[in-house]
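Reading the structure
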Amino acid sequence: MQNVKLTDLIDPGILQKIQDSLSDYIGMASLIADENGTPVTAGSGFTDFCNNLTRKSALGCTRCEQCDKQGALETLQNGKPAVYHCHAGLVDYAAPIMLENTFIGSIIGGQVLTNPLKEEDFRRTARELSIDEDTYVNAAKKVPYRELADVERAAKFLSEIASGLSDMAYKNYIALQNSKKLERAAHSQTAFIIDISASIQRDMSHWIESAKLAVDKQDYLSMSRTLDDITIRGTELLSTLKDTVEYARMNDGEIELSETEYNFEKLLTGICKKTQRYLHTGNTVFHIQIDDSVPTFLLGDEGRISQVLTKVISNAVNCPKTTEITVSAHCRAASYARLLIIEISDNSGGMTEEELANANDYLINHDFQLIESMEADGIGPSIIGLLIKQMSGTMKISCMKNVGTTYTIQIPQLPAEQV
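Below, the structure is looked at part by part. (Residues numbered from 1 in each chain as written. Predicted model: local features only at pLDDT ≥ 70, side-chain atom pairs only at ≥ 80, totals over all residues. Heavy atoms only, no water.)

Our focus in this paragraph is helix α10 (residues 302–318). Along its 17 residues, α10 runs 24 Å from first to last C-alpha, staying within 8% of the 24 Å computed at 1.5 Å per residue. Along α10, 14 of the 17 residues are buried, which leaves the element largely enclosed by surrounding structure. (Helix = DSSP H or I, 4+ residues; strand = E, 2+ residues; numbered from the N terminus. Expected span 1.5 Å × (residues − 1). Buried < 20%, exposed > 50% of the residue type's maximum accessible area, 1.4 Å probe, protein only.)

Here's what the structure looks like:
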C-alpha cells in the first residue's frame, strides 16, 4: 500500500461535500488532510483567526499542519478521538482515516476556545509568527467558545465519520486493485496473442515457401527437410496453442503450471539441436556447460521452460554476427527448492543501449508499449517475460560491448527425488 494517497481513493469533491456538511452540523471548523497533515480540501467554517492570520504565516501554516497530523496520530495511539490544544492556543480534535493499518489522512475539527482567552499567550504567538499583535488578539476574541463536553461529543462524531471514510477508502482500494489486475491480465493476453500470431505467421510462411521451392525443383531431399521442419516446429506450435487454451482459463492473470519430471540436460541439448537444424545455422557452434549442482531430474513446467529457452536461443542465433553460443546452467539452494540459473551468451557484439534498456524495462515493468519495437528488432521478450513470471522466475539481459549479449534466467525448481 505504499504511495497510496487519500485522494487516489476518494474524490476531493466528495471529501469537500462531506466536510462542509459536517462543519454545518457541528457548528465548528472542519478540514481533511493527507498523511502529512497537508490539506486536501478547502477549510469549512474556518475562523478569521486561523484562515486569514495564522495559516497565512509560513511558520504558522507549517505548525498547523504538524498539529493536524499529530492530533490524528495521537488518536491512533490512544484508540479514541484526540482533543488537544493547537500551537496557537485553540482547541481542536482529530480522527484518522485509515487504509487497513496504514494512516492515509485525517479529519480535523474545532478552532474553538474552552477557557477564557489569555491575551499575553496570543501576543507571544503573534510575535513568533510576525503578525500584528493587536490584530491577532482581536481576531482571537471572535473565536467561538464551547463547553469541553460539546467538543468531546463533536470529536466522537467526527471519529465515526472518519471510520466511514476509512471503509470507503478500503473498498475503493480493493476496486482499484481489481481494476489493475484486469488491466494487467488484458495486457498479458494481448501480448500472448500477438506473440502466438506472429509465430504462426512466420512458421506458415517458412513452410509454404520451403514447400514451393521443393516442389518446383522436384527435390526429394528438400521435401524431406521441409517435412522435418514442419514436424519439429509443429510440435512446438501445438504446445503454444495448448498454452493459449490454458491462458483463456486464467483466473486473475494466473496460469496454472503443468509440472512434470524432466531431464534438464536432455531438454537443453535437444533444444540446441532443433534450433540449429530449424534455422539452418550449421556454422554456429554451441557450448553446453551443465554444472554438477543441477540434479539429473527436476520437477517443473518442462513445456514453458522449453518455450523460454527455444525463444531465447533462437533470438541469439538469429543475430547476424553470432557464430558461437554458450549455454551454462547451475543450481543453488533456495528455501526448499533449487534455483535453476541458466546463462545463454552469444558473440554477436551485443545490443544497442536502447535495445538493452527497452528489453530489461519490459522484463521488469511489463511495459507492453515496447512489444512492437522489440519484436521488430528480433529481441522478442514479450512472451518470455510472461512465461518466466508465471513460473516465479526472473530474467535479465546484459551486454559486453563488442563481445555479445548474455541472457540470465532464474527459475525455482524441485529435485525430482524430493517428490
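Next comes the rest of the account.
Turning our eyes to something else, we now look at the nonpolar core. Core analysis: the biggest nonpolar cluster contains 35 residues, and Phe264, Leu309, Ile313, Ile342, Ile344 and Ile409 have the highest contact counts within it. Sorting the residues of this core by element identifies α9 (264–278), α10, β8 (324–334), β9 (337–346), α11 (353–365), α13 (382–390), β10 (394–400) and β11 (404–415) as the ones contributing at least two each. Looking at this core element by element, the count peaks at seven residues for α10. Residues in contact with Ile313, not counting those within four places in the same chain, are Leu268, Ile271, Cys272, Thr275, Phe286, Ile325, Val327 and Ile344. (Core = buried A, V, L, I, M, F, W, Y, C linked by side-chain atoms within 4.5 Å. Contact = heavy atoms within 4.5 Å.)

Glancing now at the pairing of β9. Judged by how many residues are buried, β9 sits mostly within the fold: seven of 10 residues are covered. Pairing geometry for β8 and β9, over 10 bridges, is antiparallel. Each bridged residue has a counterpart across the sheet, and for Ala333 the counterpart in β9 is Arg338. Relative to β11, β9 is paired through eight bridges, and the arrangement is antiparallel. Bridge pairing in β11 places Leu340 opposite Ile411. (Pairing = 2+ DSSP bridges.)

What follows covers the environment of Thr310. Tracing the backbone through its elements, the reader meets Thr310 in helix α10. In this structure Thr310 comes out as buried when scored by relative accessible area, which is 9%. Once the C-alpha coordinates of Thr310 and Cys272 are considered, the two residues, 38 residues apart in sequence, prove to be 7.8 Å apart. A polar contact of 2.7 Å, which involves the side chain of Thr310, links it to the backbone oxygen of Ser306. (Polar contact = N/O pair within 3.5 Å; in protein donor to acceptor, adjacent residues only side chain to side chain.)

Our next topic: the side chain of Ser44. Among the structural elements, Ser44 can be located in the loop between β1 (29–34) and α3 (48–54). Look at Ser44 and you get buried, because its relative accessible area is 6%. In contact with Ser44, not counting residues within four places along its chain, are Gln16, Gln19, Asp20, Ser23, Met28, Ala29 and Ser30.

This brings us to the pattern of salt bridges. Under the counting rule described, the total for this entry stands at 10 salt bridges. Its salt-bridge partner being Asp121, residue Arg124 comes within 3.2 Å of it at the nearest N-O pair. Note that Arg124 and Asp121 are positioned in helix α5 (residues 119–128) at a spacing of three residues, about one turn of the helix. According to the relative accessible area criterion, Arg124 is partly exposed, its value standing at 39%. Owing to a relative accessible area of 33%, Asp121 belongs among the partly exposed residues under this scheme. For Arg123, the salt bridge identified is with Asp134, shortest N-O distance 3.0 Å. With Arg123 in helix α5 and Asp134 in helix α6 (residues 133–141), this pair connects stretches of sequence that are 11 residues apart. For Arg123, a relative accessible area of 18% gives the class buried. A relative accessible area of 43% means that Asp134 is categorised as partly exposed. Residues joined in a network through salt bridges with shared partners are Glu119, Glu120, Arg123, Arg127, Glu133 and Asp134. (Salt bridge = Lys/Arg side-chain N within 4 Å of Asp/Glu carboxyl O.)

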